[in-house]
Amino acid sequence: MTTARTTIDFDKIGKQIGFVDIPHSPHEDAWGATRIPLAVISNGRGPTVILEAGNHGDEYEGPITLGELVRELDPGQVSGRIIFLPAVNTPAVDAGRRTSPVDGLNLNRTFPGDPGGTITQQISAYVSSVIMPLGDAFVDLHSGGSSLNILPSAIIEPAADPALRRRNIDAVLAFGAPLTVVIDNLGEPRTSTATAVRAGLVTIGTEMAGAGTVSLEALDICRRGVRNVLAHFGVLDGATASPPARPDAILHIPGHDGYVLATTAGVFEPFHPLGARVEAGQQAGRIHNLIDPSRTPEIVHYGASGIVYGRRQPGRVVAGNCCITVAAPYTGDIS
Ligand code: CA
């Protein structure tokens, strides 16, 4: 049972901008709360779309886009209900960090959460047990964060149920990103999108550039994409949508082979830019030991053929860091 409280009445027509308070009792504040921003715009008949951003606190296009929509949309423009969680891991967003400074956790590895757990686990529990049951569709807006720069793309979370899979694919294609990629995070069940799919919600993800900055290109794609998705569900008028030409192919990250991991500590030199076509077995880059000039740099290789989809942003690596992610043509069932 959650001890969280919200000022929002989810059944009320109109626009409400408020918060969820999750009681928190640290040294500085015995009887206070961690306050999570929450907004609802509701009007007439139609589905409920949940828009989430700030799952990771160092990914900015999503929170910017949702803040704008909260301010700009009038209830009269909406058919149905939009629930906004524009900075869902608020302590991480405040800190500009992927993980929460309160408990060190990555929110997107805590779903479905624990109402009796740490603050981050309580946030995911609230989203899973209170917000998701209200929704027909769930959008989780990510970017690459401080450590990764990723080609702007809309993300399909795999679904076991063929009917839901088809609806997910249609909704993700409606987002209208330059790339559409199936990402299962190596089968990770603890993400918000995996949890939304298990709950039967039509689910859309994104990766909007990253590198800990705001990408003009990705922000434009994100702004248009969120409106396109809302129009796809009929929550906004179709006239507000501006879907670009659909991508001719859906990509996926082909499991462990899609990740080029550092084999030693040093500085990673990539051999190819984002978007380059590469082959399995080809040299991906090399890791320099800057302290010992007698040491030959260590070569790392691609494990899959495809395009360079994401790349590590900081030069420094230790063994196990993700240097490159390759996306390959998706050959799974999309019918
Ligand atoms: Ca992310």
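So, how was this worked out
Residues numbered from 1 in each chain as written. Predicted model: local features only at pLDDT ≥ 70, side-chain atom pairs only at ≥ 80, totals over all residues. Heavy atoms only, no water. Pairing = 2+ DSSP bridges. Helix = DSSP H or I, 4+ residues; strand = E, 2+ residues; numbered from the N terminus. Phe/Tyr/Trp six-rings, centres within 6.5 Å; stacked < 30°, edge-to-face > 60°. Lys NZ or Arg CZ within 6 Å of the ring centre and 35° of its normal. Domains from an automatic or database assignment. Contact = heavy atoms within 4.5 Å. Buried area = accessible area lost by both parts, 1.4 Å probe. Polar contact = N/O pair within 3.5 Å; in protein donor to acceptor, adjacent residues only side chain to side chain. Nonpolar A, V, L, I, M, F, W, Y, C, P; charged D, E, K, R; others polar. Salt bridge = Lys/Arg side-chain N within 4 Å of Asp/Glu carboxyl O. Buried < 20%, exposed > 50% of the residue type's maximum accessible area, 1.4 Å probe, protein only. Axes fitted to C-alpha atoms, helices over the stretch in contact; angles between N-to-C directions. Parallel < 35°, antiparallel > 145°, perpendicular 65-115°, else oblique. Left-handed = near helix turned anticlockwise from the far one by under 90°. 1 Å grid on protein atoms, 1.4 Å probe; cavity = no way out; pocket = protein on both sides within 12 Å on 5 of 7 lines; lining within 4 Å. Points joined across faces, edges and corners; volume = space filled by probe spheres on them.

### Things to note about the sheet that holds strand β17 (residues 316-317)
The antiparallel open sheet is built from four strands, whose spatial order is β15-β14-β12-β17. The sheet is open, and its two edges are formed by β15 (298-301) and β17, each paired on a single side.

### Considerations on the packing of aromatic side chains
Using the criterion set out here, one finds zero aromatic pairs in the structure. Against the face of F19 rests R35, its NZ or CZ located 3.6 Å from the ring centre.

### Some points on the domain arrangement of the protein
Taken as a whole, the protein is organised into domain 1 (5-252) and domain 2 (255-327). When each unit is reduced to the centre of its C-alpha atoms, the spacing between domain 1 and domain 2 is 30 Å. Of the residues lining the interface, 16 residues belong to domain 1; the matching set on domain 2 comes to 16 residues. Contact between domain 1 and domain 2 buries roughly 1200 Å² in total, counting both sides, with carbon and sulfur atoms accounting for 67%. Between domain 1 and domain 2 we count four residue pairs in polar contact (both at pLDDT 80 or more) in total. For the side of domain 1 that touches domain 2, the element with the most residues is strand β7 (residues 148-156), which contributes six residues. Of the residues assigned to the side of domain 1 that touches domain 2, the class counts are ten nonpolar, five polar and one charged.

### Side note on the pattern of salt bridges
Inspection of every chain in the model, using the stated rule, returns ten salt bridges. The partner of R5 in a salt bridge is D21, and the shortest N-O contact between them spans 3.9 Å. Of the two residues, R5 sits in strand β1 (residues 5-6) while D21 sits in strand β2 (residues 14-24), which places them 16 residues apart along the sequence. Among the residues examined, D21 registers a relative accessible area of 10% and is labelled buried. Salt bridges sharing partners connect three or more residues here, namely R5, D21 and R35.

### Remarks on the environment of G144
Counting through the fold element by element, G144 comes out in the loop between β6 (137-142) and β7. For the pair G144 and A209, spaced 65 residues apart in sequence, the C-alpha to C-alpha distance is 5.6 Å.

### A short note on unusual backbone geometry
Note the cis peptide between F111 and P112, where omega equals 5°. Looking at the secondary structure, you find P112 in the loop between α2 (90-95) and α3 (119-131). Even without a glycine there, the phi angle at L186 is positive, about 60°. You can see L186 is positioned in the loop between β8 (179-182) and α5 (192-198). By relative accessible area, which is 42% here, L186 ends up partly exposed.

### Quick word on the packing of helix α1 (residues 61-72) against helix α6 (residues 216-232)
Interhelical geometry of α1 versus α6 gives an angle of 50° and a closest axis separation of 9 Å. On the basis of the axis angle, α1 is oblique to α6. As for how α1 packs across α6, the hand of that crossing is right-handed. Here E61, G62, I64, T65, L66, E68, L69 and E72 of α1 come into contact with α6, specifically with A218, L219, C222, R223, V226, R227 and L230. Of the residues contributing to the contact of α1 with α6, the split by class is eight nonpolar, two polar and five charged.

### Here we look at the layout of surface pockets
The space that makes up the largest pocket amounts to roughly 740 Å³. Lining of the largest pocket is provided by 37 residues; of these, R98, R109, L148, N185 and E207 occupy positions nearest its centre. When contributions to the lining of the largest pocket are tallied by element, the ones reaching two or more residues are β6, β7, β9 (202-210), β11 (259-261), β16 (306-312) and β18 (322-329). The dominant element in the lining of the largest pocket, judged by the number of residues it contributes, is β9, at five residues. Split into classes, the residues belonging to the lining of the largest pocket amount to twelve nonpolar, 17 polar and eight charged.

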